Amino acid sequence: KGQSIHHITYSRGMLDDGSIVYLNSYAIPGYNSDGKLTHVIGHSQNISEKEQMLSQLKNNEQRFRGIVESSSDLFVLISADGCISYISPKVTSKMGYAVEDILGKDFRNFFPDLDERAHITSEFVQVMNGGSFVKANYQLRHAEGHAVWFLIDVASIFETDGDNREVLSVCRDISGELEREENL
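Residues numbered from 1 in each chain as written. Predicted model: local features only at pLDDT ≥ 70, side-chain atom pairs only at ≥ 80, totals over all residues. Heavy atoms only, no water.

**Comments concerning the side chain of serine 71**
What counts here: Helix and strand labels come from DSSP, where a helix needs a run of H or I of at least four residues and a strand needs a run of E of at least two; each type is numbered from the N terminus. When a residue's accessible area, from a 1.4 Å probe over protein chains only, is under 20% of the maximum for its type it is buried; when over 50% it is exposed; and in between it is partly exposed. Definition of a polar contact: a pair of N or O atoms within 3.5 Å, with one able to donate and the other able to accept a hydrogen when the atoms are protein atoms, and with sequence-neighbouring residues admitted only if both atoms are side-chain atoms.
Checked against the element boundaries, serine 71 lands in the loop between α1 (48-70) and β4 (74-79). By relative accessible area, serine 71 is classed as buried at 18%. Looking at serine 71, its side chain comes within polar contact range of the main-chain nitrogen of aspartate 73, at 3.0 Å.

**Thoughts on the packing of aromatic side chains**
Note the following rule: Side-chain rings of Phe, Tyr and Trp, where Trp is taken by its six-membered ring, are said to pair if the distance between their centres is within 6.5 Å; with planes under 30 degrees apart they count as stacked, over 60 as edge-to-face, and otherwise as tilted.
Inspection of the entire model under this criterion finds 4 aromatic pairs. With centroids separated by 5.0 Å and ring planes inclined at 45°, the aromatic side chains of phenylalanine 107 and phenylalanine 124 adopt a geometry described as tilted. Of this pair, phenylalanine 107 sits in the loop between α3 (99-102) and α4 (114-128) while phenylalanine 124 sits in helix α4, and the two are 17 residues apart along the sequence. Pair check on accessibility: phenylalanine 107 and phenylalanine 124 agree, each one buried. Centre to centre, the rings of phenylalanine 111 and tyrosine 138 are 5.7 Å apart; their planes meet at 85°, and the pair counts as edge-to-face. Residue phenylalanine 111 is located in the loop between α3 and α4, and its partner tyrosine 138 is located in strand β6 (residues 136-141); the two are separated by 27 residues in the primary sequence. Each member of the pair, phenylalanine 111 as well as tyrosine 138, is classed as buried. Through pairs of rings, three or more aromatic residues link up here, namely Phe107, Phe111, Phe124 and Tyr138.

**Brief notes about the environment of leucine 184**
Considering the arrangement of structural elements, one finds leucine 184 in the segment after α5 (175-183). Its relative accessible area of 88% is what places leucine 184 among the exposed residues. Separated by 144 residues in the primary sequence, leucine 184 and valine 40 have C-alpha atoms spaced 84 Å apart.

Structure follows, in structure tokens:
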């Protein structure tokens, strides 16, 4: 009796021209002093454009995730502090690690050679500061302890405000190629 109840709905409908419309609506009932419903105040907002953008974003994310996850290369995102924030599932077949064993770890710990570790640290800082990186062959430590050769290419990922937030590293396993060259 006399209580204000807000009713919020999210709905999808079709217009006469066949286009889909998404609405976010709410209604607030009004009561007189006896508690009898006397009126309803309502408002609807067309959120179709927002819904279409969200749907497109979701589709793009699924498409790019499919590309990355089906690639034979490793894709690694490294945050400014050097920790791995994303690694593609191929890490299991290429390096013997489960994805969850890699996430949050410092990427430099996977370089077994200390000289390479120092060099890659300097390269990482350069890329984080907007510099370029030259593709190079590096050894990474497999979960079983042996080294695996990768051709590594690195690029900065910038936020919309221009700040560098992450580094993308694409790693191609070249162990087989190097072994074939060695056998020639």
